[in-house]
Amino acid sequence: QVQLVESGGGVVQAGGSLRLSCAASGRTFSLYAMGWFRQAPGKEREFVAAIGSGGSTYYADSVKGRFTISRDNAKNTVHLQMNSLKLEDTAVYYCAAGVGDHDPDYWGQGTQVTVSS
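Residues numbered from 1 in each chain as written. Predicted model: local features only at pLDDT ≥ 70, side-chain atom pairs only at ≥ 80, totals over all residues. Heavy atoms only, no water.

With respect to the helices and strands, the residue Arg66 is situated in the loop between β6 (57–59) and β7 (67–72). With 63 residues separating them in the primary sequence, Arg66 and Gln3 have C-alpha atoms 27 Å apart. Ignoring any residue separated from it by four or fewer positions in sequence, one finds Arg66 in contact with Gln81, Met82, Asn83, Ser84, Leu85, Lys86 and Asp89. Here Asp89 takes part through its side chain, which lies 2.7 Å from a polar atom of the side chain of Arg66. (Helix = DSSP H or I, 4+ residues; strand = E, 2+ residues; numbered from the N terminus. Contact = heavy atoms within 4.5 Å. Polar contact = N/O pair within 3.5 Å; in protein donor to acceptor, adjacent residues only side chain to side chain.)

Right, here's the structure in full:
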């Protein structure tokens, strides 16, 4: 069982930056591919970024070049550095564990990111 707790959301002006963090419980954190997803009002949840157990990273085209995912296995944490934020990045951001060709195994509760003009 893995529990995930996100933090770092908030309100930021367009063009600004935020750093999301996800703290995970469990001794097997390093074995999991971790990811971030987001859900905007009235839209389906979508993939944002993922990082494999070996450190390989994957990004949605909409965030490539602006967002960076990283992990610290010693601290059981994964981060999402978001730069050059746009209005369309406004959403609830969810941390997930066990990301792959299937629905993630575990989800966090989500953290709100609001980008204002």
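Let us look at the pattern of salt bridges. In this structure the tally under the stated criterion is 4 salt bridges. Note that Arg38 is salt-bridged to Glu46, the shortest N-O span being 2.7 Å. By relative accessible area, Arg38 is classed as buried at 5%. For Glu46, a relative accessible area of 36% puts it in the partly exposed group. When the shortest N-O distance is used, the salt bridge between Arg38 and Asp89 registers 2.9 Å. Placement of the pair is Arg38 in strand β4 (residues 34–39) and Asp89 in the loop between β8 (77–82) and β9 (91–97), with a sequence separation of 51 residues. A relative accessible area of 0% means that Asp89 is categorised as buried. One salt-bridge network, held together by shared partners, links Arg38, Glu46, Arg66 and Asp89. (Salt bridge = Lys/Arg side-chain N within 4 Å of Asp/Glu carboxyl O. Buried < 20%, exposed > 50% of the residue type's maximum accessible area, 1.4 Å probe, protein only.)

These figures come from the coordinates and say nothing about function on their own.
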